[in-house]
Amino acid sequence: MKMDVTNAVRGFIKSLLFLLLWSICEGSESELNSVTCGSLVKLLNTRHNVRLHSHDVKYGSGSGQQSVTGVENADDANSYWQIRGRPSHPCQRGVAIKCGEAIRITHMKTGRNLHTHHFSSPLSNNQEVSAFGENGEGDDLDVWTVQCDGILWERDEAVRFKHTGTDVFLSVTGEQYGHPIRGQREVHGMSSPNQHNWWRTMEGVFIQPSQELLRHDEL
(Lines give C-alpha, C1' and ligand atoms only; values in the text may rest on other atoms or scores of the structure.)
Protein backbone atom coordinates (compact mmCIF):
# COMPACT_ATOMS: atom_id res chain seq x y z
CA MET A 1 0.00 0.00 0.00
CA LYS A 2 2.81 2.39 0.97
CA MET A 3 4.62 1.59 -2.30
CA ASP A 4 1.47 2.37 -4.30
CA VAL A 5 1.16 5.78 -2.64
CA THR A 6 4.83 6.55 -3.28
CA ASN A 7 4.52 5.62 -6.95
CA ALA A 8 1.38 7.74 -7.26
CA VAL A 9 3.16 10.73 -5.75
CA ARG A 10 6.14 10.26 -8.06
CA GLY A 11 3.83 10.03 -11.05
CA PHE A 12 2.03 13.19 -9.98
CA ILE A 13 5.32 15.08 -9.56
CA LYS A 14 6.53 13.92 -12.99
CA SER A 15 3.28 15.14 -14.55
CA LEU A 16 3.66 18.53 -12.87
CA LEU A 17 7.28 18.84 -14.06
CA PHE A 18 6.25 17.92 -17.60
CA LEU A 19 3.48 20.56 -17.61
CA LEU A 20 5.88 23.17 -16.21
CA LEU A 21 8.53 22.45 -18.84
CA TRP A 22 5.89 22.46 -21.58
CA SER A 23 4.56 25.85 -20.47
CA ILE A 24 8.09 27.29 -20.36
CA CYS A 25 8.82 26.02 -23.88
CA GLU A 26 5.50 27.34 -25.16
CA GLY A 27 6.21 30.74 -23.60
CA SER A 28 9.73 30.86 -25.07
CA GLU A 29 8.45 29.96 -28.53
CA SER A 30 5.75 32.62 -28.27
CA GLU A 31 8.32 35.27 -27.32
CA LEU A 32 10.55 34.26 -30.23
CA ASN A 33 7.60 34.88 -32.59
CA SER A 34 6.78 38.24 -31.05
CA VAL A 35 7.64 41.81 -31.95
CA THR A 36 10.16 43.04 -29.40
CA CYS A 37 11.39 46.35 -28.06
CA GLY A 38 14.13 47.72 -30.32
CA SER A 39 13.05 45.73 -33.38
CA LEU A 40 13.38 47.48 -36.74
CA VAL A 41 10.35 46.65 -38.89
CA LYS A 42 8.27 47.50 -41.92
CA LEU A 43 4.55 47.76 -41.23
CA LEU A 44 2.08 46.74 -43.94
CA ASN A 45 -1.46 48.03 -44.13
CA THR A 46 -3.25 44.78 -44.96
CA ARG A 47 -6.26 46.37 -46.68
CA HIS A 48 -4.32 48.55 -49.14
CA ASN A 49 -1.05 46.56 -49.33
CA VAL A 50 1.20 49.56 -48.65
CA ARG A 51 4.02 49.93 -46.14
CA LEU A 52 4.21 52.76 -43.62
CA HIS A 53 6.76 55.23 -44.96
CA SER A 54 8.33 58.61 -44.29
CA HIS A 55 11.00 60.88 -45.80
CA ASP A 56 12.29 64.41 -45.33
CA VAL A 57 9.36 65.95 -47.23
CA LYS A 58 7.16 68.36 -45.27
CA TYR A 59 3.40 68.77 -45.60
CA GLY A 60 2.48 71.84 -47.62
CA SER A 61 -0.54 72.43 -45.36
CA GLY A 62 -1.68 71.55 -41.85
CA SER A 63 1.20 71.25 -39.39
CA GLY A 64 3.99 71.55 -41.99
CA GLN A 65 5.73 68.64 -40.24
CA GLN A 66 7.43 65.69 -41.96
CA SER A 67 4.92 63.72 -44.02
CA VAL A 68 4.04 60.05 -43.44
CA THR A 69 2.70 58.01 -46.35
CA GLY A 70 2.10 54.46 -47.57
CA VAL A 71 4.19 52.97 -50.40
CA GLU A 72 3.81 49.80 -52.48
CA ASN A 73 7.56 49.30 -52.97
CA ALA A 74 8.69 46.64 -50.48
CA ASP A 75 12.40 47.50 -50.88
CA ASP A 76 12.35 51.18 -49.86
CA ALA A 77 14.70 51.76 -46.90
CA ASN A 78 12.59 54.76 -45.82
CA SER A 79 9.92 52.31 -44.64
CA TYR A 80 11.88 51.01 -41.61
CA TRP A 81 10.59 51.94 -38.15
CA GLN A 82 11.95 51.11 -34.71
CA ILE A 83 9.65 49.97 -31.90
CA ARG A 84 10.40 51.82 -28.64
CA GLY A 85 8.85 52.49 -25.25
CA ARG A 86 6.98 55.67 -24.37
CA PRO A 87 9.00 58.65 -23.08
CA SER A 88 8.48 58.12 -19.34
CA HIS A 89 8.47 54.29 -19.51
CA PRO A 90 11.28 52.95 -21.73
CA CYS A 91 11.11 49.28 -22.66
CA GLN A 92 13.95 46.79 -22.31
CA ARG A 93 15.57 45.94 -25.64
CA GLY A 94 14.57 42.46 -26.79
CA VAL A 95 11.53 42.13 -24.51
CA ALA A 96 8.28 41.15 -26.25
CA ILE A 97 5.70 43.93 -26.68
CA LYS A 98 2.40 43.13 -24.97
CA CYS A 99 -1.06 43.70 -26.42
CA GLY A 100 -2.30 46.98 -24.95
CA GLU A 101 1.23 48.32 -24.41
CA ALA A 102 1.95 51.98 -25.20
CA ILE A 103 4.87 52.44 -27.60
CA ARG A 104 6.63 54.90 -29.87
CA ILE A 105 7.28 54.07 -33.53
CA THR A 106 10.43 55.91 -34.69
CA HIS A 107 11.42 56.42 -38.31
CA MET A 108 14.90 54.93 -38.82
CA LYS A 109 16.25 57.33 -41.45
CA THR A 110 15.13 60.64 -39.91
CA GLY A 111 14.85 59.80 -36.19
CA ARG A 112 11.34 61.28 -35.96
CA ASN A 113 8.41 59.61 -34.22
CA LEU A 114 5.05 58.62 -35.68
CA HIS A 115 2.78 61.41 -34.45
CA THR A 116 -0.73 62.78 -34.82
CA HIS A 117 -2.62 65.88 -33.66
CA HIS A 118 -5.73 67.91 -34.41
CA PHE A 119 -4.85 68.98 -37.95
CA SER A 120 -6.83 67.79 -40.96
CA SER A 121 -5.05 65.46 -43.38
CA PRO A 122 -4.54 67.03 -46.83
CA LEU A 123 -6.49 64.56 -49.02
CA SER A 124 -9.21 62.83 -46.99
CA ASN A 125 -9.79 65.44 -44.27
CA ASN A 126 -9.22 62.82 -41.58
CA GLN A 127 -6.62 63.52 -38.87
CA GLU A 128 -3.11 64.29 -40.09
CA VAL A 129 -0.33 61.81 -39.22
CA SER A 130 3.21 63.14 -39.31
CA ALA A 131 6.75 62.32 -38.15
CA PHE A 132 7.86 64.59 -35.30
CA GLY A 133 10.80 65.25 -32.98
CA GLU A 134 14.56 65.07 -33.24
CA ASN A 135 16.82 62.07 -32.57
CA GLY A 136 13.89 60.00 -31.37
CA GLU A 137 12.60 62.54 -28.85
CA GLY A 138 9.33 64.38 -29.45
CA ASP A 139 6.35 64.73 -27.11
CA ASP A 140 3.37 62.86 -25.62
CA LEU A 141 1.55 62.84 -28.98
CA ASP A 142 4.10 60.29 -30.26
CA VAL A 143 2.53 57.47 -28.22
CA TRP A 144 0.38 54.66 -29.67
CA THR A 145 -1.21 51.60 -28.08
CA VAL A 146 -0.87 48.21 -29.79
CA GLN A 147 -4.28 46.57 -30.07
CA CYS A 148 -4.16 42.80 -30.57
CA ASP A 149 -6.08 39.74 -29.41
CA GLY A 150 -3.62 37.71 -27.37
CA ILE A 151 -1.02 38.45 -24.72
CA LEU A 152 1.89 39.44 -26.98
CA TRP A 153 2.15 41.26 -30.31
CA GLU A 154 2.87 38.39 -32.72
CA ARG A 155 4.87 39.05 -35.90
CA ASP A 156 2.34 37.47 -38.27
CA GLU A 157 -0.70 38.99 -36.55
CA ALA A 158 -2.71 41.94 -37.88
CA VAL A 159 -2.92 44.65 -35.20
CA ARG A 160 -4.22 48.17 -34.80
CA PHE A 161 -2.39 51.22 -33.46
CA LYS A 162 -4.58 53.54 -31.39
CA HIS A 163 -3.24 56.99 -30.58
CA THR A 164 -3.26 57.57 -26.81
CA GLY A 165 -3.66 61.34 -27.05
CA THR A 166 -6.51 61.67 -29.55
CA ASP A 167 -8.02 58.13 -29.73
CA VAL A 168 -7.69 57.77 -33.51
CA PHE A 169 -6.49 54.65 -35.33
CA LEU A 170 -3.55 54.67 -37.76
CA SER A 171 -5.24 54.18 -41.15
CA VAL A 172 -5.01 54.22 -44.94
CA THR A 173 -8.04 54.64 -47.19
CA GLY A 174 -6.31 54.81 -50.58
CA GLU A 175 -6.03 58.52 -51.49
CA GLN A 176 -2.91 59.14 -53.60
CA TYR A 177 -0.58 62.13 -53.61
CA GLY A 178 0.70 63.94 -56.68
CA HIS A 179 4.09 65.66 -57.06
CA PRO A 180 6.59 65.45 -55.30
CA ILE A 181 5.50 62.10 -53.80
CA ARG A 182 3.35 60.91 -56.68
CA GLY A 183 1.53 57.63 -56.14
CA GLN A 184 2.17 57.43 -52.40
CA ARG A 185 -0.93 56.94 -50.23
CA GLU A 186 -2.14 59.23 -47.51
CA VAL A 187 -1.76 57.86 -43.96
CA HIS A 188 -4.10 59.42 -41.42
CA GLY A 189 -5.99 58.88 -38.18
CA MET A 190 -9.61 57.61 -38.14
CA SER A 191 -11.94 57.75 -35.16
CA SER A 192 -13.28 54.20 -35.45
CA PRO A 193 -11.74 50.73 -35.90
CA ASN A 194 -12.38 49.29 -39.37
CA GLN A 195 -10.78 47.37 -42.25
CA HIS A 196 -8.52 50.34 -43.11
CA ASN A 197 -6.51 50.25 -39.88
CA TRP A 198 -5.06 46.74 -39.73
CA TRP A 199 -1.24 46.50 -39.85
CA ARG A 200 1.18 43.58 -39.89
CA THR A 201 4.97 43.44 -39.51
CA MET A 202 6.81 42.37 -42.65
CA GLU A 203 10.55 42.73 -43.31
CA GLY A 204 12.74 43.66 -40.39
CA VAL A 205 15.34 42.91 -37.74
CA PHE A 206 13.73 41.43 -34.64
CA ILE A 207 15.84 41.92 -31.53
CA GLN A 208 15.97 38.87 -29.25
CA PRO A 209 16.49 39.08 -25.48
CA SER A 210 19.85 38.39 -23.89
CA GLN A 211 20.92 38.73 -20.28
CA GLU A 212 23.36 41.57 -20.95
CA LEU A 213 20.92 43.55 -23.07
CA LEU A 214 18.18 43.10 -20.49
CA ARG A 215 20.43 44.60 -17.83
CA HIS A 216 21.61 47.64 -19.75
CA ASP A 217 19.55 48.68 -22.77
CA GLU A 218 16.33 50.68 -22.60
CA LEU A 219 14.48 52.38 -25.46
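If you look the protein up in an unreviewed UniProt entry, it shows as Stromal cell-derived factor 2-like 1 from Acanthochromis polyacanthus. UniProt, in the comment section headed Subcellular location (unreviewed entry), describes the protein in these words: "Secreted".

A few words now on the nonpolar core. Counting residues in each nonpolar core, the largest one holds 31 residues, and the members touching the most others are Leu52, Val68, Leu114, Trp153, Phe161 and Leu170. Those elements that place two or more of their residues in this core are strand 1 (40-45), strand 2 (50-58), strand 4 (81-85), strand 5 (102-107), strand 7 (127-132), strand 8 (143-147) and strand 10 (169-176). The contacts of Val68, once residues within four sequence positions are left out, are Leu52, His53, Ser54, Tyr59, Trp81, Leu114, Val129, Ser130, Ala131 and Val187.

Below, the discussion takes up the state of the cysteines. Disulfides are covalent bonds that link the sulfur atoms of two cysteine residues. A complete count under the given rule lists two disulfides for this structure. Each sulfur of the disulfide joining Cys37 and Cys91 lies 2.1 Å from the other. Measuring the twist about the S-S bond at about 75°, one finds the Cys37-Cys91 disulfide to be right-handed. Of the two residues, Cys37 sits in the loop between helix 1 (2-32) and strand 1 while Cys91 sits in the loop between strand 4 and strand 5, which places them 54 residues apart along the sequence. Cys91 carries the same exposure label as Cys37, and that label is buried. For Cys99, the disulfide goes to Cys148, at an S-S distance of 2.0 Å. Looking down the S-S bond of the Cys99 and Cys148 bridge, the torsion is -120°, so its handedness is left-handed. One end of the pair, Cys99, is in the loop between strand 4 and strand 5; the other, Cys148, is in the loop between strand 8 and strand 9 (160-163), and 49 residues separate them in sequence. Of the two residues, Cys99 and Cys148, neither departs from the other in class, the shared state being buried.

Moving on, we get to the environment of Asp149. One can find Asp149 in the loop between strand 8 and strand 9. Overall, the relative accessible area of 76% leaves Asp149 in the exposed class. In this structure, the C-alpha to C-alpha distance between Asp149 and Val159, residues ten residues apart in sequence, is 8.2 Å. Excluding its chain neighbours within four sequence positions, the residues that come into contact with Asp149 are Cys99 and Glu157.

What counts and what doesn't
- Residues numbered from 1 in each chain as written.
- Predicted model: local features only at pLDDT ≥ 70, side-chain atom pairs only at ≥ 80, totals over all residues.
- Heavy atoms only, no water.
- UniProt positions renumbered as here; feature names shortened; annotations may be inferred.
- Core = buried A, V, L, I, M, F, W, Y, C linked by side-chain atoms within 4.5 Å.
- Buried < 20%, exposed > 50% of the residue type's maximum accessible area, 1.4 Å probe, protein only.
- Helix = DSSP H or I, 4+ residues; strand = E, 2+ residues; numbered from the N terminus.
- Contact = heavy atoms within 4.5 Å.
- Disulfide = S-S within 2.5 Å.

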